[in-house]
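# Residue-level structural notes
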Amino acid sequence: MKKKLFCAALCASLVASMMTGCGQSSGTSSSSTEEQSQGDTQDGESAKDGGAANTTEEGKLVYWSMWEATEPQGQAISQAVEAFTADTGIEVDLQFKGRTGIREGLSPALEAGTAIDLFDEDIDRVNTTWSAYLMDLEELVKASDYESTASQGLIAACREVGGGTLKSIPYQPNVFAFFYNTEIFEAAGVTKAPATWAELLDACEKIKAAGYTPITCDDAYITSMFGFHMSRLVGEPAVEAIVKEGKWDDPAVKKTAEDYAELAAKGYFSETIEGNVWPAGQNSELALGTAAMYLNGSWLPNEVKDIATFKWGCFSYPALEGGVDGVDAANYGAQVFAINKDSKNADSAFQLIEYITKGEYDKVLSELSVGIPADTRNTQWPEMLESVKPVMESMKVRYPWAAGAEANADLTPIIKENFLKLCGGTMSAQEFVDAMASAGK
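Residues numbered from 1 in each chain as written. Predicted model: local features only at pLDDT ≥ 70, side-chain atom pairs only at ≥ 80, totals over all residues. Heavy atoms only, no water.

It is worth spelling out the pairing of strand β7 (residues 291-297) at this point. Across the seven residues of β7, seven count as buried, placing the element largely inside the fold. Here strand β5 (residues 169-181) pairs with β7 via five bridges, running antiparallel. The residue of β7 that forms the bridge with phenylalanine 179 is tyrosine 294. Sheet topology note: the strand β6 (residues 213-215)/β7 ladder contains two bridges and is parallel. (Buried < 20%, exposed > 50% of the residue type's maximum accessible area, 1.4 Å probe, protein only. Helix = DSSP H or I, 4+ residues; strand = E, 2+ residues; numbered from the N terminus. Pairing = 2+ DSSP bridges.)

Structure below.
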């Protein structure tokens, strides 16, 4: 569904504030095999002895994190947790699960009554996949005056995906847009970021003439190109309906395929795009300076910071003639914290959330991860993300992941396979439509 949020609040707060192991420890984290085994044993004992009705013990906090201990985010959170325990005396069992670990393990653990007080992950996943386990945070937020220094746009997004109630707290804001090498743009004579499809085509032609690849992508993000283009044409809710209900005869599908077939025919895509497996596009082409543009998230500069040496540019997916949505629409959001509804340590858990998302450690997280700060008082953005500010500032309509293109999980691999072929020039626009229609039967 198209997410229309409060524009004025979003602009004011996002400009001021801004932007995917099982270790067991006491206060800090570790990922050793021995400690993993201890963590697994303790989890199992909690479930067996306490059951779902007695989920957490009072006092010590158990925090499952989506990050790895070695990632910048994990390092920043470890520092915050250590300082939190020193300041408050509250012990924290911080367990770094990684993306796979938390996505596959959290639901069974919560269902079994494993001792978990709080956890984090993507805004949509937390509020949909794990919605049944979330505590209502409205009273805690009100009592602490949390919103006074939080991004109002992201808080509004959390309430919206939470069914009108705040059940999660955002951190590490992000936005999905075109990221580009400003040095290539300058060398090609592209003087401004494209705002329309015609301007994108013009920029691609100049970049190609200058000897560079205009656009690269890979298997991890190709569905977003399809989803964004479709959503620009007919709006995100219509994209979801097409994908879920198999409405592949919708004219927007053919138009999207034709526009991308034109990009392929004109040589605007990487020659290897059809076979690119992530992170080939971002590491081997964009970061090394052979490709100019890549549709990705604002986490991208951090992922390639040890490779890329150019100044980053950012622009919203271009508007399409006659389209429903413009450049003020995108997939944007944040990672979020949530508290287990069965936790006996809600006050302490929320206190830890504040500790990580406010003040000093929100700043540390921003600096280490090259991410956007969540606290509106932390006005200094990482230099690599300065070009993201006007993009984030302009957002009014929020798309879910891939702008609705992945709304039908059964079809996602098929969309991915065929759209890569379309961009690679081995499939025509009509062949793409026919392939999707056949798959959707």
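As a further point, take helix α12 (residues 251-265). Since the α-helix advances by 3.6 residues per turn, residues separated by three or four positions end up pointing in the same direction. Between its first and last C-alpha, α12 extends 21 Å over 15 residues, near the 21 Å set by a 1.5 Å rise per residue. If you check which residues of α12 are buried, you get Ala252, Val253, Thr256, Ala257, Asp259, Tyr260, Leu263 and Ala264. Seen end-on, α12 carries its buried residues on one side only, within an arc spanning 160°. Opposite the packed face of α12, turned more than 90 degrees from it, sit the exposed residues Pro251 and Ala265. Glycine 267 sits one or two positions beyond α12 and adopts a positive phi of about 75°. (Expected span 1.5 Å × (residues − 1). Arc of directions from axis to C-beta.)

In terms of residue burial, strand β4 (residues 118-122) counts as a mostly covered element, since four of its five residues are buried. Summarising the sheet, strand β2 (residues 61-65) and β4 pair through two bridges and their orientation is parallel. Bridge pairing links tryptophan 64 to phenylalanine 119 in β4. Note: β4 against strand β9 (residues 329-339), five bridges, orientation antiparallel. Within the sheet, the bridge partner assigned to leucine 118 lies in β9 and is isoleucine 339.

In short, shape yes, function no, at least from these values alone.
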